[in-house]
Structure formats: structure tokens, C-alpha cells
Amino acid sequence: MISILIQARFQLAQIYKNVIATDTSQGQLDFAPKIPNVRFQCTPPDMSLSELTNMVSEQGSVDLVTVGQAMHWFDLPTFYKQVKWVLKSPHGVIAAWCYTVPEVSDHVDSIFKRIYYVDSRAYWSPGRNLIVGQYRSIDFPFEPVDGADHTGPFEFKTERLMDLEEYLAYTISGSAYQTARDKGVELLSDDVIEEFKGAWNEDGNDKRVVKFPTYLRMGKVGDV
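Residues numbered from 1 in each chain as written. Predicted model: local features only at pLDDT ≥ 70, side-chain atom pairs only at ≥ 80, totals over all residues. Heavy atoms only, no water.

### Focus on the overall build of the chain
Spelled out, the test is: Segments assigned H or I by DSSP are reported as helices when at least four residues long, segments assigned E as strands when at least two residues long, and all are numbered from the N terminus. Our radius of gyration is a C-alpha quantity, and the globule rule it is checked against amounts to 2.2 Å times the number of residues to the power 0.38. A 1.4 Å probe rolled over the protein chains alone gives each residue an accessible area, and that area as a share of the maximum for its type sets the label: buried under 20%, exposed over 50%, partly exposed in between. Here a residue-residue contact requires only that any non-hydrogen atoms of the pair lie within 4.5 Å. The protein chains shown are the only cover counted for residues, whose accessible areas, like all others here, come from Shrake-Rupley with a 1.4 Å probe. The charge count includes Lys and Arg as positive and Asp and Glu as negative, but it does not include His or the ends of the chains. Working definition for charges: the position is that of NZ of Lys, CZ of Arg, CG of Asp or CD of Glu.
The helix and strand tally for the chain stands at nine helices and seven strands. The C-alpha radius of gyration computed for the chain amounts to 19 Å, which stays within 12% of the reference 17 Å derived for 224 residues, consistent with globular compactness. With the principal axes as the frame, the chain shows a C-alpha extent of 55 × 40 × 35 Å. Across the 224 residues that make up the chain, the buried fraction comes to 45%. Across the chain, every contact between residues at least 6 apart in sequence was considered, and the portion connecting residues at least 24 apart equals 70%. As displayed, the chain offers around 12,000 Å² of accessible surface, 51% of which is attributable to carbon and sulfur atoms. For the chain, the distance from the average site of its 22 positive side-chain charges to the average site of its 30 negative ones is 4 Å.

Structure (C-alpha cells):
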């Protein structure tokens, strides 16, 4: 059995027989397309071990826990206690990753970095620096998996073909953008969008390959 966040459900559902996709927002779960072998579970931010057993899984019953772009939001000591409760000892695995600034072209990237590192910095959550640091400084009390001599971060890039509308939708999905908007600040002004349009279309292609540098921390629970 595997316990995951909803973003990673598709790929992992093809590998594991039973998958549990969790989120603290029922709205996010309602929005997610349903998959036959995936159980969607809304979990409160704070759970006792009894609630964890009833809502997610029994002690020592999970093969893999994954966390995509979310560890920096967690109360890590509490979360790690829960992870060690549900994972099978000693070989149950936790895999947690973050991705940083997307890469398109020098021109597009320079605009994005200005928004990300300068314009939106005042609206970052406290944990955002953990992502900027590529999860290198995050506490990760697990053992290297078989065949590895450390727990990461392991570095790689994921790619996605996107048009400008999809790219801008990704940009406004960030928590800093939403925080700024709630405070009456529009980071993607009409002028900025025009900048993006000019940079995006300079080679005449509507769709561009967007690369996301990704940093993975991975380890096994060991003897608990």
C-alpha cells in the first residue's frame, strides 16, 4: 500500500495496487479525477495516531509515503512520527520532493526570476526558503535506501510542454502570488503579461518545453 498526496496519484496508481491520496482540503479532493485503486481521504492538519489509523492506514502497513512540493508546510516532527507509524519497518520508504524555478529560455526565465525573487519575496511563506535551498537543510531523519549512500537531495529535471496560458496559470498557482493578491497586489500586471508574451513568442512557437529542476529527499524508515 502507498500513501501519497493527490498530485502524484496517476503515476503511482499504475505501480501500486492500493493508493491513498490525502489532502487537508476536501475541495481539492473533490476536484481530483477519480481512479479505481485510489482512495481519497481528507485529513485534518493535526491527527492522533488513532485518527491516523482510522483515516489513513494501520501501523506498519504502508510501503511508500510520497510528498510533492509540500514538506515546507508541515510540522515536521509530528509528520515524521506519523510516517514512521504507518511505514513498514525496516524497508518502508518516504520520498519527498520540491521543484524550483522553471526553465524555458533566458528571456522568459529572466522575467519569471524577477517576479519570483524580487516582486513576490515579501509574500513568501516562512518555509519557502527550504525550497530555494533545494531541501538540503530540511531535517530528514531516515536511512539511505538500499543502493544509496545518502538521502539526497537527488537532482533531476522534469519536463512539460506548455503554452503561455498554462505557464501563467502555473505562475499564479503559487502561494506567494495568492498572498499578494489577497493584500491587493497584482504581481502579473498587464505590462508583465505583455513582457511574457513577447519573450514566449520570440521564436514563433506557441508551445515551449518547460523544465522543472527537481530535488528529491528519499530514505527508508529502518528499525523503529
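### Regarding the environment of Lys-157
The condition that has to hold: Polar contacts, as used here, are pairs of N or O atoms within 3.5 Å; protein pairs need one atom able to donate a hydrogen and one able to accept it. Residues neighboring in sequence count only if both atoms are side-chain atoms.
Mapped onto the elements of the fold, Lys-157 is located in strand E6 (residues 154-163). Given the relative accessible area of 49%, Lys-157 is considered partly exposed. For Lys-157 and Trp-200, which are 43 residues apart along the polypeptide, the C-alpha to C-alpha distance reads 21 Å. Within polar-contact distance, the side chain of Lys-157 engages the side chain of Glu-103 at 2.8 Å.

### Observations concerning the packing of aromatic side chains
Operational definition: Ring pairs are drawn from Phe, Tyr and Trp, using the six-membered ring of Trp, whenever the two centres fall within 6.5 Å, and their geometry is named by plane angle: stacked under 30 degrees, edge-to-face over 60, tilted for the rest. Geometrically, a lysine NZ or arginine CZ counts as sitting over a ring once it is within 6 Å of the ring centre and also within 35 degrees of the ring normal.
If you walk through the whole model with that rule in mind, you get 15 aromatic pairs. An angle of 80° between the planes, with centres 5.3 Å apart, marks the rings of Tyr-80 and Phe-142 as edge-to-face. With Tyr-80 in helix H4 (residues 76-86) and Phe-142 in the loop between helix H6 (128-132) and E6, this residue pair connects regions lying 62 residues apart in the sequence. Here Tyr-80 matches Phe-142 in class, with each residue buried. One aromatic cluster is present, formed by Phe-112, Tyr-116, Tyr-117, Trp-124, Tyr-167, Phe-196 and Trp-200 through successive ring pairs. One residue, Lys-84, lies across the ring of Phe-142, its end atom 5.4 Å from the ring centre. Across from the ring centre of Trp-200, 5.9 Å away, lies the NZ or CZ of Arg-208, which sits over that ring.

### A closer look at unusual backbone geometry
Of the consecutive residues Ser-89 and Pro-90, the connecting peptide bond is found in the cis state with omega at 5°. A cis geometry characterises the amide bond from Gly-152 onward to Pro-153, with omega recorded as 15°. Looking at the element boundaries, Pro-153 is found in the loop between H6 and E6. Positive phi, close to 65°, is recorded for Tyr-135, a residue that is not glycine. Of note, Tyr-135 is situated in the loop between H6 and E6.

### Examining the UniProt feature "domain: Methyltransferase type" (unreviewed entry) in the chain
Rules: UniProt positions are given in the numbering used here, feature names are shortened, and annotations may be inferred rather than shown by experiment.
UniProt marks residues 11-89 with the feature "domain: Methyltransferase type" (unreviewed entry), using the numbering shown here. The span residues 11-89 shows a helical share of 34% and a strand share of 19%, and its end C-alpha atoms are spaced 24 Å apart.

### Observations concerning the packing of helix H5 (residues 106-119) against helix H9 (residues 190-200)
Under the convention used in this document: Between N-to-C directions, angles cover 0 to 180 degrees, with each direction set by a line fitted to C-alpha atoms, over the stretch in contact for helices. Each angle is binned into one of four classes, with values under 35 degrees roughly parallel, values over 145 roughly antiparallel, values of 65 to 115 roughly perpendicular, and all other values oblique. By definition, any crossing whose near helix is turned counterclockwise from its far helix by less than a right angle is left-handed, and any crossing with a clockwise turn is right-handed.
One can describe the packing of H5 onto H9 by two numbers: an axis separation of 8 Å at closest approach and a directional angle of 155°. As judged from the angle between their axes, H5 and H9 are roughly antiparallel. Between H5 and H9 the crossing geometry is left-handed. Judged by residue contacts, His-107, Val-108, Ile-111, Phe-112, Arg-114 and Ile-115 of H5 engage Val-192, Glu-195, Phe-196, Ala-199 and Trp-200 from H9.

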